[in-house]
Structure formats: C-alpha cells, structure tokens
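# Coordinate analysis (summary)
If you want the building blocks of each chain, they are given just below.
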Amino acid sequence: DAVWFVVNSIVTGLSGGISFLAFVLLYVLFWLWAPLPTGGKAGVLVRSYIGKKTTVSAAYGTCVAILFYGLGIDLAVLFGVISFFLNYVPEVGAFISMLFPVPVILLDGRIGNPFAVLAFATLGQLFLKFFFSNVLEVKLIERDRDMNIHPVWVLLGLSYFGYL
C-alpha cells in the first residue's frame, strides 16, 4: 500500500510538472510568434524605467566591486556583476547578492580578520543598497513627470496588495 502511495505521488508530481512546462512553452511560443506591442506611451514608460534601472544597477554593481576590491576580497568583479543582475529583483535581489561573498570572505586564509571584513562588506553593501535604491533611483524616477504617481494611488495599491 505504501509503494502505491509513493508511485502515485511521483506520477502526480511528474504529470503536474509536465503540464506546467507545456503551458510555459505555449506562452513562450505565442510571445515569440506574436509579441505584445510595446509602442505607445506605456512602452515608452517601460523602456524609460528599464533604462533608469539599468543605470542604477550598473552603478551599484560597480560600487560593490570597488568596495570588495578595496577590502582585498577575491572575485570582486564577479560579485559586482552578481549585484548588478540581482538588483533588478525588487527589494530582495540586492540582499540575496549579499550572501554570495560570505563563504569567499570567511574561507579566504589570506584575510587577517575575516569576520571584521565580512561585517564591513555587509555594512558597505547595505549602505550602497540604501543609497542607490532609496535616493538615486527615486530621484531619477521622480524627475520624469510621466512616472509620477499620486500618493492616493500608492496608498490604495499598498492597501489592496497588503490585503491579498
């Protein structure tokens, strides 16, 4: 009886995964054959936002690489590139990128006091995240009049999605 339960669970999981994969492939094929139109004002706004986000992410990744290079951490450029890409993930991406250098810092025998370097690197990344996300990116977006959102809409959105 337990064997049938295990087999049934495996078959159910595999069939669910295959069904999900089929739907994803169908969506991808439809998007490739007939892409969504990106013209008009919405397309311009999205391209403008992505351009600004890319600029901020590149500056953030460069500063992380410079910080790590200054601290003598190996693979500083790699961690800067990881920070660049993960900065696109809203709110949590930069924090996830802060986890990648931890083993390199702690296991590098050439670093005299790895815990102090780890603390300084983490605090430096937190400062950079705060500055780039909460100051620089906000200023870039708020300068564009088309991207301004009335505070009532922001509160309504926060209330609605907080409820969900």
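From a predicted model like this one, the values you see are computed outputs, not experimental measurements.

### Structural notes on the nonpolar core
Counting residues in hydrophobic clusters, the biggest one holds 18 residues, and the most contacted among them are Tyr60, Phe68, Ile73, Ile105 and Leu128. Within the residue set of this core, elements represented by two or more residues are α2 (40–71), α3 (76–86) and α6 (114–143). Leaving out residues up to four positions away in the same chain, tyrosine 60 has contacts with Ser83, Asn87, Ala94, Ser97, Met98, Gln125, Leu128, Lys129 and Phe132.

### Quick word on the packing of α2 against α6
With their axes 10 Å apart at the nearest point, α2 and α6 run at an angle of 160° to one another. By the angle between their directions, the pair α2 and α6 is classed as roughly antiparallel. Between α2 and α6 lies a crossing of right-handed hand. Here Tyr49, Lys52, Lys53, Val56, Ala59, Tyr60, Cys63, Val64, Leu67, Phe68 and Leu71 of α2 come into contact with α6, specifically with Val117, Phe120, Ala121, Gly124, Gln125, Leu128, Lys129, Phe132, Leu136, Glu137, Leu140 and Ile141. For the contact of α2 with α6, the per-class residue count stands at 17 nonpolar, two polar and four charged.

### A closer look at the pattern of salt bridges
Applying the stated criterion across every chain, the model contains four salt bridges. The partner of aspartate 74 in a salt bridge is arginine 110, with the nearest N and O atoms 2.1 Å apart. Of the two residues, aspartate 74 is situated in the loop between α2 and α3 and arginine 110 in the loop between α5 (101–107) and α6; the sequence distance between them amounts to 36 residues. Overall, arginine 110 belongs to the exposed group, its relative accessible area being 62%. Across the pair aspartate 108 and arginine 110 runs a salt bridge, and its minimum N-O distance is 3.4 Å.

### A short note on the packing of α2 against α3
Where α2 meets α3, the closest approach of the two axes is 8 Å, and the angle between their N-to-C directions is 155°. Relative to α3, the element α2 lies roughly antiparallel. You can see that α2 and α3 cross each other, and the crossing is right-handed. When α2 is examined against α3, the residues Thr54, Ser57, Ala58, Tyr60, Gly61, Val64, Ala65, Phe68 and Tyr69 are found in contact with a partner set consisting of Ala76, Val77, Phe79, Gly80, Ser83 and Phe84. Tallied by class, residues from the contact of α2 with α3 come to ten nonpolar, five polar and no charged.

How each quantity is defined
Residues numbered from 1 in each chain as written. Predicted model: local features only at pLDDT ≥ 70, side-chain atom pairs only at ≥ 80, totals over all residues. Heavy atoms only, no water. Core = buried A, V, L, I, M, F, W, Y, C linked by side-chain atoms within 4.5 Å. Buried < 20%, exposed > 50% of the residue type's maximum accessible area, 1.4 Å probe, protein only. Helix = DSSP H or I, 4+ residues; strand = E, 2+ residues; numbered from the N terminus. Contact = heavy atoms within 4.5 Å. Axes fitted to C-alpha atoms, helices over the stretch in contact; angles between N-to-C directions. Parallel < 35°, antiparallel > 145°, perpendicular 65-115°, else oblique. Left-handed = near helix turned anticlockwise from the far one by under 90°. Nonpolar A, V, L, I, M, F, W, Y, C, P; charged D, E, K, R; others polar. Salt bridge = Lys/Arg side-chain N within 4 Å of Asp/Glu carboxyl O.

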